[in-house]
Amino acid sequence: MILDRCKGLCLSGIALALLSCAHAPAGAPSAAPSGHIVVVATTSTLASLVRAVAGDAATVQALVPIGVSPETYEPAPRDVVALENASVVFENGAGLETWLARLITTSATHAHVIILSDAVTGANRGESPYRPQATNPHFWLDPNYAELYVARITQALSAADPANANAYHANATAEIARLQQLDLWTRKRIATIPVQQRAMITFHDAWYYFDRRYGLRDIGAIEPSPGREPSAKDLAALIELARVNHVRAIFAEPEFSPRLAKQLADGAGISTVTDLYDDSLGDTPGLSTYEGMMRHNVTTIVQALGS
Ligand SMILES: [Zn+2]
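Residues numbered from 1 in each chain as written. Predicted model: local features only at pLDDT ≥ 70, side-chain atom pairs only at ≥ 80, totals over all residues. Heavy atoms only, no water.

Below, the discussion takes up the sheet that holds strand S1 (residues 37–41). As summarised here, the arrangement of the four strands in space is S2-S1-S3-S4, forming an open sheet in which the pairing is parallel. Of all strands in the sheet, those bounded by a partner on one side alone are strand S2 (58–62) and strand S4 (112–115). With strand direction ignored, the average angle separating the axes of adjacent strands in the sheet is 20 degrees. As judged from the three bridges shared by S1 and strand S3 (residues 88–91), these two strands associate in the parallel manner. Following the sheet pairing, Ala41 is matched in S3 by Phe90. (Pairing = 2+ DSSP bridges. Helix = DSSP H or I, 4+ residues; strand = E, 2+ residues; numbered from the N terminus. Axes fitted to C-alpha atoms, helices over the stretch in contact; angles between N-to-C directions.)

Turning our eyes to something else, we now look at the coordination of the zinc ion. Donor atoms from the polypeptide that bind the zinc ion are Glu71 (OE), His138 (NE2), His204 (NE2), Asp279 (OD) and Asp279 (OD), placed at 2.0 to 2.7 Å. Each donor residue of the zinc ion belongs to the same chain, and together they define the spacing E-x66-H-x65-H-x74-D. Of this pair, His138 sits in the loop between S4 and helix H6 (143–160) while Asp279 is found in the loop between strand S8 (271–273) and helix H11 (290–306), placing the two residues 141 residues apart along the sequence. According to the relative accessible area criterion, His138 is buried, its value standing at 0%. Among the residues examined, Asp279 registers a relative accessible area of 1% and is labelled buried. (Donors = N, O, S within 2.8 Å, 3.2 Å for Na, K, Ca; no water. Buried < 20%, exposed > 50% of the residue type's maximum accessible area, 1.4 Å probe, protein only.)

Take the nonpolar core next. Counting 60 residues, the largest nonpolar core has Phe90, Phe210 and Ile301 as the members making the most contacts within it. Residue-level mapping places this core at the junction of two domains, with at least three residues from each of domain 1 (36–187) and domain 2 (192–306). Among residues more than four places away in sequence, those in contact with Ile301 are Ile190, Ile193, Met200, Trp207, Phe210, Phe251, Leu276 and Gly306. (Core = buried A, V, L, I, M, F, W, Y, C linked by side-chain atoms within 4.5 Å. Domains from an automatic or database assignment. Contact = heavy atoms within 4.5 Å.)

Closest axis-to-axis distance for the helix H3 (residues 44–54)/H6 pair is 9 Å, and the angle between their directions is 55 degrees. Overall, the two elements H3 and H6 adopt an arrangement that is oblique. Here H3 and H6 pass one another in a crossing that is right-handed. Where H3 approaches H6, its residues Leu46, Leu49, Val50, Val53 and Ala54 are matched on the opposing element by Ala146, Tyr149, Val150, Ile153, Thr154 and Leu157. Considered class by class, the residues forming the contact of H3 with H6 number 10 nonpolar, one polar and no charged. (Parallel < 35°, antiparallel > 145°, perpendicular 65-115°, else oblique. Left-handed = near helix turned anticlockwise from the far one by under 90°. Nonpolar A, V, L, I, M, F, W, Y, C, P; charged D, E, K, R; others polar.)

Before going further, it helps to examine the confidence of the model for the protein. For residues with low pLDDT, the predicted coordinates do not support detailed interpretation. The predicted model of the protein averages 89 in pLDDT, with 89% of residues at 70 or higher. A low-confidence stretch, residues 1–12 (pLDDT under 50), is modelled with 12 contacts involving residues beyond four sequence positions or located in other chains. Across residues 18–33, where pLDDT falls below 50, the model places 17 contacts with residues more than four positions away in sequence or in other chains. (pLDDT = per-residue confidence, 0-100.)

Two elements, S1 and S2, share five bridges in a ladder whose sense is parallel. Of the residues in S2, the one forming a bridge with Ile37 is Ala58. In this fold, the crossover linking S1 to S2 by way of H3 has right-handed handedness. (Right-handed = clockwise from strand over helix to strand, strands pointing away.)

This part covers the packing of aromatic side chains. Evaluated as defined, the whole model comprises eight aromatic pairs. Ring geometry for Phe203 and Phe256: centres 4.5 Å apart, planes at 15 degrees, overall stacked. Separated by 53 residues along the polypeptide, Phe203 in the loop between strand S5 (199–202) and helix H8 (208–214) and Phe256 in the loop between strand S7 (249–251) and helix H10 (259–268) bring together distant segments of the chain. Comparing Phe203 with Phe256, the two get one shared label, buried. (Phe/Tyr/Trp six-rings, centres within 6.5 Å; stacked < 30°, edge-to-face > 60°.)

Every buried residue belonging to H10 is among Leu260, Ala261, Leu264, Ala265 and Ala268, and all of these are buried. All buried residues of H10 project into a common sector of 130 degrees when viewed along the axis, lining one side. Buried residues belonging to H10 abut S5, helix H9 (232–244), S7 and S8. Two residues or fewer after H10 comes Gly269, characterised by a positive phi angle close to 70 degrees. (Arc of directions from axis to C-beta.)

Our focus in this paragraph is unusual backbone geometry. The backbone of Ala94 shows a phi angle near 55 degrees, a positive value even though the residue is not glycine. You can see Ala94 is positioned in the loop between S3 and helix H5 (100–107). With a phi angle near 55 degrees, His246 is a residue other than glycine that sits in the positive phi range.

A side chain with one charge can pair with a side chain of the opposite charge if their charged atoms come near. Enumeration over the complete set of coordinates arrives at seven salt bridges. When the shortest N-O distance is used, the salt bridge between Arg213 and Asp142 registers 2.6 Å. Separated by 71 residues along the polypeptide, Arg213 in helix H8 and Asp142 in the loop between S4 and H6 bring together distant segments of the chain. On the basis of relative accessibility, which here comes to 28%, the residue Arg213 falls in the partly exposed class. Under the relative-accessibility criterion, Asp142 is labelled buried at 1%. For Glu229, the salt bridge is made with Arg259, and the minimal N-O distance between the two is 2.6 Å. (Salt bridge = Lys/Arg side-chain N within 4 Å of Asp/Glu carboxyl O.)

Structure below.
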């Protein structure tokens, strides 16, 4: 256990290096307390990581409500108000929030805009088979990449609010330790699934980086692109893929209609799981943080594939 913990901590070199770069310079004048800064994150999942760093020192607000897809979201007037008040805006980027750019131009005039997916670079960025020529935006579902997000969040909050930089760094160090434990636990749980059963078909292509990290085969997604329904031919091809690859379950999220997942599962003679959480947190206490959401997801995946 001690060895595992050490290994996890050592693996986080990149995130910790980024954190140390973001430390407020020694002896820098500390600003007088001036109340909370207001910070906006586009999704509830990203807002959870921001809240973990912000702690009590900043007010964090998510734009996309719980249970709504950020990939097909239509902004509301309250989003304009939130952006007008924001000191920092965190977006995922990489094509997740196509509705945001115009809002930022018109409303986030006083904010630093941080694209969290920029924290993942080079070969770590992957193209989803279902988004040809486009980056798959769902980096945060790999806890190792979530660590990089936390480091980027810490840099941005410390720059915007230097008086609380020490608190942000202390909170980030604790969150990164939690993410490392989550990663180790996930590896152990996924390892209990027989190798030939480690295959997922999902509603949309959110699980690409998670699957790549933990050795699951990403067989396909029901939605060919955000908000687009598959044709009968697409569904027939997926049913065949499910059969050939001995896929044991189709995974979907509560924000999407279960109809297509059920149709596919019935066609392939396998089960349906409709309570994975990825773009959005859930609305119960156990699903109200990134870590809680991921532990629920891993438990659900292991139950569906490992039995
Ligand atoms: Zn998504």
